[in-house]
Amino acid sequence: MPKPADNPKARELARRIGDLLLDKKATDVVILDMRGMTSYADYIVIASGESDRQVSAMAENVQVQLKQAQQPLRPISTEGLETGQWVLLDYDDVVAHLFNGEVRAFYDLDGLWADAPRVKLS
């Protein structure tokens, strides 16, 4: 199987999102390298929050900070902001899944993509 193309811009964005999540006290922040494994994203960022409110605050921080960056970025789509149990932020090559702890365990994206190379940030 050929090695997937490098995407430094997406890798940097995934790292930036991870750092912004840590700023809001996210736990268990992991970046999965999905290059060559999915067609919809090169990187997936997964993080947990202690409460629905914290998960929503984490998502809002990412959106606000990326929108105010030198090269403003807006997500292609967002889902789950109203409830804060599972928020999805789609930045094209990078998709972030932010979970309330129990919801993360239930859907087990970490296990689903167990063979993806990963970087743990927290």
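Residues numbered from 1 in each chain as written. Predicted model: local features only at pLDDT ≥ 70, side-chain atom pairs only at ≥ 80, totals over all residues. Heavy atoms only, no water.

The protein has the name Ribosomal silencing factor RsfS in an unreviewed UniProt entry, where Corallococcus exiguus is given as its organism. Taken directly from UniProt, the Subcellular location (unreviewed entry) text for the protein runs: "Cytoplasm". Regarding the protein, the UniProt comment filed under Sequence similarities (unreviewed entry) reads as follows: "Belongs to the Iojap/RsfS family." (UniProt positions renumbered as here; feature names shortened; annotations may be inferred.)

Colleague: Now, about the pairing of strand S2 (residues 43–49): what can you tell me, with residues and values included?
Modeller: Of all 7 residues that make up S2, 7 are buried, and the element is covered over most of its length. Here S2 shows no split at all, with Tyr43, Val45, Ala47 and Gly49 on one side and Ile44, Ile46 and Ser48 on the other all buried. In this sheet, S2 lies alongside strand S1 (residues 27–33) in antiparallel orientation, the contact comprising 5 bridges. For Thr27, the partnering residue across the bridge sits in S2 and is Ser48. Here S2 pairs with strand S5 (residues 94–100) via 7 bridges, running parallel. Of the residues in S5, the one forming a bridge with Ile46 is His97. (Buried < 20%, exposed > 50% of the residue type's maximum accessible area, 1.4 Å probe, protein only. Helix = DSSP H or I, 4+ residues; strand = E, 2+ residues; numbered from the N terminus. Pairing = 2+ DSSP bridges.)

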